[in-house]
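The primary structure of each chain is shown beneath.
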Amino acid sequence: MVVGSGPAGGTAARYAARRGLRVLLLDKRKEIGVPVQCGEYVAANEEVRTIFPTLTDLEDLMEAPYRVRQIDTPVIRIWTPRGRHYDIPFRGFTVARDRMDQGIARQAVDEGADLMTETAVTRVRGKEVVTNHGTFEGKVVIGADGPRSTTARSVGLQWPVSAPAMSATAHGTFGDETDMFFGNLAPGGYAWIIPKGDCANVGLGTWQHFRGNLRSLYDRFVRERKFEAGKATGGYVPVMGPVDRTVKGNVLLVGDAAGHVMATNGGGINVSMICGRIAGDVSADHVLSGTPLVEYERRWRAAVGGPLAEGVRIKALADRFFGNDRLLEAAMLLLGRRRMGRAIRCQRIFLGPRAKAL
Ligand SMILES: Cc1cc2nc3c(=O)[nH]c(=O)nc-3n(C[C@H](O)[C@H](O)[C@H](O)COP(=O)(O)OP(=O)(O)OC[C@H]3O[C@@H](n4cnc5c(N)ncnc54)[C@H](O)[C@@H]3O)c2cc1C
């Protein structure tokens, strides 16, 4: 049983079904992926391989995002509070996120999973999953229901630390670089312009230095840059990495529900899908040959835990400078382009011991 058909849940369902399991994929939304609450940026497989070198078969995993690829963006342009910028070569692409999530769910269905939309899970109790359309039973329950996971709450697992973000589509002409703006325009986080061809995804996220109203910050960003932006949508982004425990009894947490996000850039699509595949595979190993479910926790930490931990360490360091534009400007100057590139990739920026995998 998979709760939530975002990138994490859809992927988990796809790989579990591929191994022959009977899989039920539930989502409360009427239409998968709608409304879009995302910057719609995906890291290219070449980058993902650099960051998480043990991964294999990314082409199969990432088939759906690549199918709805819009434009390639070869550079991340990082802006300081005073308007200096650093161009970091980083290969990514943009997607229509609603079509991407729908594509992943379709792959799961093509492998044999059953999908039920408009089905909100209200409680998980052991093998029982209680919804507005009745109660279902699953040998394994995968909670892929986002940062405010009902599944996690029901079984007493922790929610990841998360922070609000919002974005919209702006029409106009944009280059192919992805802009990230740091400073008090988005305290503790950053604002972005992610190009999508004849439009861009524009938005911002904040973190603990911000005590006001996110909407007013967002409106100011849009107004000052004279964007013709459509309706904004928002959500929460896990900002301090994975939770301590992602397995309890027959329940696994994956994606945002587990905090599977790179803390230095807020990106969760790639990691959610990587961990979704592991969740689907371990569920199949468990049902078909009795592998203990804690194996899931071991495997995802081995695959992505090190860089995610490094990302949290860098983010915690950056938090000392966020909130004060003068200090932040100086810190970014000191860091320089090369170290910024490492930070974005959740790689060590100073010599010293590696962060222990979270
Ligand atoms: C404004 C914003 C911009 C972002 N930009 C980017 C970006 O550009 N690139 C990137 O990589 N990441 C980005 N992220 C993060 C990224 O969106 C998430 O990391 C990613 O969606 C995680 O996938 P998921 O499957 O875990 O969760 P989700 O995509 O949130 O999917 C969870 C699913 O569970 C369903 N659900 C929730 N509760 C229930 C319930 N009780 N019962 C049934 N179904 C339920 C929801 O309807 C949803 O379909 C952004 C996040 C935000 C908020």
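Relevant structure appears above.
Read on for an overview of the structure. Remember, it's a predicted structure, so these values are computed and weren't measured experimentally. (Residues numbered from 1 in each chain as written. Predicted model: local features only at pLDDT ≥ 70, side-chain atom pairs only at ≥ 80, totals over all residues. Heavy atoms only, no water.)

Turning our eyes to something else, we now look at the sheet that holds strand β17 (residues 247-248). Ordered in space as β6-β2-β1-β10-β18-β17, the six strands form an open sheet in which the pairing is mixed. Since the sheet does not close on itself, it has two edges, and those belong to β6 (114-116) and β17, each with one partner. Two strands pair when backbone bridges link them, and strand β1 (residues 2-3) and strand β2 (residues 24-26) are joined in this way by two bridges, in the parallel orientation. Note that in β2 the partner of Val3 across the bridge is Leu26. Set on the sheet, helix α1 (residues 7-18) makes contact with β1, β2 and β10 (141-143); between it and β2 the angle comes to about 170°. (Pairing = 2+ DSSP bridges. Helix = DSSP H or I, 4+ residues; strand = E, 2+ residues; numbered from the N terminus. Contact = heavy atoms within 4.5 Å. Axes fitted to C-alpha atoms, helices over the stretch in contact; angles between N-to-C directions.)

Here the structure, examined in full by the defined rule, presents 24 salt bridges. The salt bridge involving Asp285 is made with Arg299; its shortest N-O contact spans 2.7 Å. Of this pair, Asp285 sits in helix α8 (residues 269-289) while Arg299 sits in helix α9 (residues 294-318), and the two are 14 residues apart along the sequence. Classification of Arg299 by relative accessible area gives partly exposed; the value is 26%. Between Arg299 and Glu295 there is a salt bridge; the shortest N-O distance is 3.0 Å. Here Arg299 pairs with Glu295, and both are found in helix α9, just four residues apart, close to one helical turn. Glu295 sits in the buried class, given a relative accessible area of 19%. (Salt bridge = Lys/Arg side-chain N within 4 Å of Asp/Glu carboxyl O. Buried < 20%, exposed > 50% of the residue type's maximum accessible area, 1.4 Å probe, protein only.)

Turning to the site of the ligand, a few remarks are in order. Looking at the ligand, there are 34 residues lining it, with Asp27, Gly39, Tyr41, Arg97 and Asp256 nearest. At 2.6 Å, a side-chain N or O of Asp27 approaches an oxygen atom of the ligand. Coverage of the ligand by the protein amounts to 90% of the 1,000 Å² it exposes when considered alone. Secondary-structure elements contributing two or more residues to the shell around the ligand are α1, β16 (233-238) and α8. (Near = heavy atom within 4 Å. Polar contact = N/O pair within 3.5 Å; in protein donor to acceptor, adjacent residues only side chain to side chain. Areas by Shrake-Rupley, 256 points an atom, 1.4 Å probe, with all protein chains shown as cover.)

Inspection of the secondary structure assignment puts Asn45 in helix α2 (residues 45-51). When its relative accessible area of 5% is taken as the criterion, Asn45 is described as buried. Excluding residues within four positions of it along the chain, Asn45 makes contact with Leu58, Glu59, Met62 and Tyr66.

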